[in-house]
Structures are given as structure tokens and as C-alpha cells.
Amino acid sequence: MFIELQNGTMLNLYWLLDCFQGKHDKNIVIFYMVNGSKIIETYENESDAEERVSEMQESMSTAGGLKTEIVEELPEVGKKGVV
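Keep in mind the model is a prediction, meaning the values are calculated, not measured.

Q: How would you summarise the pairing of strand β5 (residues 38–42) if you had to cite specific residues and measurements?
A: Pairing between strand β4 (residues 28–33) and β5: five bridges, direction antiparallel. Looking at β5, one finds that I30 is bridged to I40. Linking β4 to β5, which pair antiparallel, is a turn of four residues; within it G36 sits at a positive phi near 95°.

Structural data, given as C-alpha cells:
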């Protein structure tokens, strides 16, 4: 599943690890990618940013994306017998 970012590029949710509103600047939305990089979108107000995060959380759950809460539960790399 793909989503369109503010700059018009398409982002594959397969590569998205998490998405949340900025802690100090509530007008930004931060997308954390599985490779450790970040994408930041800036909005005019907090409610727009909050709405985008809600939309992304819904899209991630629909697409079967990983949430940060369950990343710790993943098996170690190279552990045999675990898919």
C-alpha cells in the first residue's frame, strides 16, 4: 500500500516503521522508516498534524505495518525455527 506525501512522492508503507506528531513542535509529523531515516512533514496547525497521524495509523494497521510496540517481540536475527 502506498500513501502520498506532501511533496507529491509516494511512500510504500512496507518501509514505514512508525509515524507520530512532533513532541516539541506539534505542527510536524515524523515518519520513521525501517532503515532508520526520517521524513518530516510540516502542517499549519496541530489539528492538521494530529489528523495526518491518525490517518497514517489507520493506513498502517490496514496494510499490516509493524508498530513500535511489537518490534521488541520480533526474534533475534539468525534464530532458527522462527519465521
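Q: Which residues make up the packing of aromatic side chains, and what are the values?
A: Using the criterion set out here, one finds two aromatic pairs in the structure. With a centroid separation of 5.3 Å and 25° between ring planes, the pair formed by F20 and Y32 is classed as stacked. Taken together, the positions of F20 in strand β3 (residues 16–21) and Y32 in strand β4 put the pair 12 residues apart, joining distant regions of the chain. Classification of Y32 by relative accessible area gives partly exposed; the value is 24%.

Q: So what about the nonpolar core? Which residues, and what values?
A: Of all hydrophobic cores here, the largest spans 14 residues; its most connected members are I3, L11, L16, C19, V29, F31 and M56. Elements supplying a minimum of two residues to this core: β3, β4 and α1 (46–63). If one sorts the elements of this core by residue count, α1 sits on top with four residues. The contact partners of V29, leaving out residues within four places of it in the chain, are C19, F20, I39, I40, E41, Y43, A49, R52 and V53.

Q: Kindly report on the pattern of salt bridges, identifying the contributing residues and their values.
A: This structure, assessed with the given rule, holds two salt bridges. A salt bridge links R52 to E41, with the shortest nitrogen-to-oxygen separation between them at 3.2 Å. In this pair, R52 sits in helix α1 while E41 sits in strand β5, placing the two residues 11 residues apart along the sequence. Here E55 ties to R52 by a salt bridge, and the two come within 2.9 Å at their closest N and O atoms. In this pair, E55 and R52 are both assigned in helix α1, three residues apart and thus about one turn of the helix distant. Connected via shared salt-bridge partners are E41, R52 and E55.

Cut-off values and rules
Residues numbered from 1 in each chain as written. Predicted model: local features only at pLDDT ≥ 70, side-chain atom pairs only at ≥ 80, totals over all residues. Heavy atoms only, no water. Pairing = 2+ DSSP bridges. Helix = DSSP H or I, 4+ residues; strand = E, 2+ residues; numbered from the N terminus. Phe/Tyr/Trp six-rings, centres within 6.5 Å; stacked < 30°, edge-to-face > 60°. Buried < 20%, exposed > 50% of the residue type's maximum accessible area, 1.4 Å probe, protein only. Core = buried A, V, L, I, M, F, W, Y, C linked by side-chain atoms within 4.5 Å. Contact = heavy atoms within 4.5 Å. Salt bridge = Lys/Arg side-chain N within 4 Å of Asp/Glu carboxyl O.

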